[in-house]
Amino acid sequence: MLQQSSNTRLSTSHGAFGTGPAPRVSRCWTVARSTAGPGPQPFEVASEDRTLNRRQVLASKLMLAASVLLPSGRSIAADVAPAMVEPGQMKELSDPILAYKFQYPVSTTAGQPLSMLLSRPPEKYSSAAPLTADARQRMVSELFDFRNLVTVSMNVGPASGLLKGRPPSEWSPKEVALAVLIDRSTARTTAGQRVALNDVQEAHAEVRQEGLQYWVYEHMSQGSPTIGTRTRESYRHSLAVTSWRAGLDGTPYLYTLNLSCPESLWPSLEPLFRSSVASFTLLPPSRDYIPPDKDPWLFF
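Not measured: the values here are computed from a predicted model. (Residues numbered from 1 in each chain as written. Predicted model: local features only at pLDDT ≥ 70, side-chain atom pairs only at ≥ 80, totals over all residues. Heavy atoms only, no water.)

Although it is not a glycine, Ala 99 sits at a positive phi angle of roughly 60°. Relative to the assigned elements, Ala 99 resides in the loop between strand E5 (90–95) and strand E6 (100–105). The phi dihedral of Leu 149 is positive, around 60°, even though this residue is not glycine. Mapped onto the fold, Leu 149 is located in the loop between strand E9 (138–145) and strand E10 (150–158). (Helix = DSSP H or I, 4+ residues; strand = E, 2+ residues; numbered from the N terminus.)

Right under this line is the structure:
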């Protein structure tokens with residue numbers, strides 16, 4: 001059973017192809033044990049089922065995650081991606097705590113629906129899950145289509161590597177792309193230096209209407225074999241955009257939106273990914289805004 005808290009606010013609404021704005025919903029999910037009666041708890045395995053292999057246990061957990069309900073009584077997956085969708089339909093995610101918003105696709109240009117499950121509700125930087133052991137870059141929100149392996153993630157972290165100690169006006173697009181991708185990677189050289197496993201195809205800088213700098217880059221990586229691929233090798237194609245905002249002490253924090261899909265889906269998702277990247281905006285801080293470096297020891 002999942003309980004609702006009012007610490008985090010999330011708004012999702014239809015984009016240009018939708019039918020109108022959806023109501024703002026306040027929510028933050030915490031896990032509570034069921035007291036309905038005897039038997040295994042939601043994340044426990046009964047004694048007779050202890051022989052389940054890891055794949056079965058993982059599948060059970062994914063089914064449990066997909067059954068999460070919004071306060072309105074609808075499942076997240078059903079609310080985000082209805083059964084009947086128009087080609088190229090978009091929705092919007094807005095987070096006032098870290099002050100950003102973006103649109104994301106809920107169907108391909110060919111009309112294939114994407115059940116974009118909000119698997120990680122937006123949260124402040126200090127309580128978000130770190131992507132690597134050094135805990136610099138953290139995933140503050142994520143949408144995921146389990147069937148088509150499409151991901152939309154929002155990561156936040158301080159400037160590092162070649163960017164650290166330099167003004168953002170001097171950062172080149174390729175340097176920003178590599179700094180973000182290296183911080184996401186766990187691969188290391190024999191000397192212990194971390195390296196990126198992604199191949200940056202193209203990178204460029206933009207100054208948008210609000211006067212903020214944005215760096216857009218396309219990258220590819222080799223993925224794990226999947227049921228849908230007939231070859232021994234599979235690749236993922238991604239498009240990302242990074243901007244920055246100063247923390248309380250003036251340190252630049254990078255805000256990165258990354259959209260990724262299998263190479264086979266890239267032709268039908270590339271135009272929508274580019275629309276998502278173009279829609280990404282750092283919002284003016286409101287009273288709900290929490291700077292990334294405020295109370296880093298406070299997780300709730």
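A few words now on the nonpolar core. Tyr 100, Phe 102, Tyr 255 and Phe 280 are the most contacted members of the largest nonpolar core, which totals 37 residues. The set of elements that each furnish at least two residues to this core consists of E5, E6, E9, E10, strand E12 (213–223), strand E13 (234–246), strand E14 (252–262) and helix H4 (266–279). Membership of the second largest hydrophobic core comes to 13 residues, among which are Ala 159, Leu 181, Val 200 and Trp 215. (Core = buried A, V, L, I, M, F, W, Y, C linked by side-chain atoms within 4.5 Å. Buried < 20%, exposed > 50% of the residue type's maximum accessible area, 1.4 Å probe, protein only.)

With that settled, the discussion passes to the pattern of salt bridges. Working definition: two side chains of opposite charge can pair if their charged atoms are close together. Throughout the structure, instances matching the rule amount to four salt bridges. Of the charged contacts in the structure, one is a salt bridge between Glu 206 and Arg 208, with a shortest N-O distance of 3.0 Å. Residue Glu 206 is classed as partly exposed on the basis of its relative accessible area of 27%. By relative accessible area, which is 15% here, Arg 208 ends up buried. Across the salt bridge formed by Arg 274 and Glu 270, the nearest N and O atoms sit 3.1 Å from each other. Here Arg 274 pairs with Glu 270, and both are found in helix H4, just four residues apart, close to one helical turn. In this structure, a network of salt bridges that share partners links the residues Glu 218, Glu 270 and Arg 274. (Salt bridge = Lys/Arg side-chain N within 4 Å of Asp/Glu carboxyl O.)

Looking now at the packing of aromatic side chains. Enumeration according to the criterion identifies seven aromatic pairs in this entry. On the basis of an interplanar angle of 55° and a centroid distance of 4.9 Å, the ring pair of Phe 144 and Phe 146 is categorised as tilted. Taking the relative accessible area as the measure of exposure, Phe 146 reaches 34% and is therefore partly exposed. Aromatic side chains Tyr 214 and Phe 280 sit 5.9 Å apart centroid to centroid with 90° between the ring planes, which places their arrangement in the edge-to-face category. Of this pair, Tyr 214 sits in strand E12 while Phe 280 is found in the loop between H4 and strand E15 (281–282), placing the two residues 66 residues apart along the sequence. Relative accessible area serves as the criterion here: at 0%, Tyr 214 is assigned to the buried category. A cation over an aromatic ring shows up here: Arg 208 above the ring of Tyr 214, its NZ or CZ 4.3 Å from the ring centre. Arg 245 extends its terminal NZ or CZ atom over the ring of Tyr 255, reaching a point 5.4 Å from the ring centre. (Phe/Tyr/Trp six-rings, centres within 6.5 Å; stacked < 30°, edge-to-face > 60°. Lys NZ or Arg CZ within 6 Å of the ring centre and 35° of its normal.)

Taken over all residues, the pLDDT of the protein has a mean of 74, while the share at 70 or more is 61%. Under a pLDDT of 50 for its full length, residues 1–52 has, in the predicted model, 88 contacts with residues more than four places off or in other chains. Per-residue pLDDT stays below 50 along residues 66–82; that stretch engages in 34 contacts with residues further than four places along the chain or on separate chains. (pLDDT = per-residue confidence, 0-100. Contact = heavy atoms within 4.5 Å.)

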